Amino acid sequence: MITKECIETAYCFFHQKQRVFQYSTMDWQKEDIEYAIGSYLDTMSAELYDKLSQGRQHYLRQHEHFGDDLAEAVELLETMLEL
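Within each chain, residues carry numbers counting from 1 in the order of the written sequence. Only residues with pLDDT of at least 70 get local features here, since the model is predicted, and only at 80 or more are side-chain atom pairs given and counted; chain-wide, interface and lining totals rely on the full set of residues. Side-chain calculation: all heavy atoms of the structure are included, whereas hydrogens and water are not.

Is there a simple way to think about the side chain of Asp69 in this case?
Looking at the secondary structure, you find Asp69 in helix α4 (residues 66-81). Accessible area is worked out with a 1.4 Å probe on protein chains only. A residue is then buried under 20% of its type maximum, exposed over 50%, and partly exposed in between. Charged residues are defined narrowly, with Lys and Arg counted positive, Asp and Glu counted negative, and His plus the chain ends left uncounted. Basic side-chain nitrogens of Lys or Arg form a salt bridge, by our definition, when they fall within 4 Å of a carboxyl oxygen of Asp or Glu. No salt bridge is formed by the buried Asp69, whose closest oppositely charged neighbour, Arg56, lies at an N-O distance of 4.4 Å. For this analysis, a polar contact is any N or O atom pair within 3.5 Å, provided that within protein one partner can donate a hydrogen and the other can accept it, and provided that sequence-adjacent residues contribute only side-chain to side-chain pairs. Here Leu60 takes part through its backbone nitrogen, which lies 3.0 Å from a polar atom of the side chain of Asp69. Leaving out residues up to four positions away in the same chain, Asp69 has contacts with Arg56, His58, Tyr59 and Leu60. Runs of H or I in DSSP of at least four residues are treated as helices and runs of E of at least two as strands, each being numbered from the N terminus. Here a residue-residue contact requires only that any non-hydrogen atoms of the pair lie within 4.5 Å.

Listed below in structure tokens is the structure:
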């Protein structure tokens with residue numbers, strides 16, 4: 001079972017990182033955000049990750065798709081929280 005607290009925590013973290021990533025012009029900053037999200041994924045609820053990834057193995061873990069994946073994750077979490 002995915003708790004509301006788990007969803008809220010992921011949303012706050014992803015939302016904050018996504019906003020910085022979206023407007024950043026510094027490659028090192030974007031790489032730091034990718035690393036931070038990757039580290040977070042290692043500890044977050046596996047059930048929540050499965051729901052967000054919808055079966056995609058490398059969701060939020062591939063550089064080429066990271067920005068789009070992160071924006072999508074924020075939208076999905078907003079829907080789950082009914083924001």
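So what exactly am I meant to see when it comes to the state of the cysteines here?
Simply put, the disulfide is a covalent bond whose two ends are the sulfur atoms of two cysteines. Note on disulfides: each one is a pair of cysteine sulfur atoms within 2.5 Å. Tallied over the full model, the rule gives zero disulfides. You can see Cys6 has no disulfide; the closest cysteine sulfur is in Cys12, sitting 12 Å from it. Since its relative accessible area comes to 52%, Cys12 is described here as exposed.

Can you help me understand unusual backbone geometry in this one?
As a rule of thumb, non-glycine residues mostly have phi less than zero, and peptide bonds are mostly trans rather than cis. The backbone of Gln54 sits at a positive phi, close to 50 degrees, despite the residue not being glycine. Of the residues examined, Gln54 reaches a relative accessible area of 53% and is grouped as exposed. One non-glycine residue, Leu60, adopts positive backbone phi at about 65 degrees. By secondary structure assignment, the location of Leu60 is in the loop between α3 (46-53) and α4. Residue class for Leu60 comes out buried when judged on its relative accessible area of 2%.

Geometric descriptors of this kind do not, in isolation, establish any biological role.
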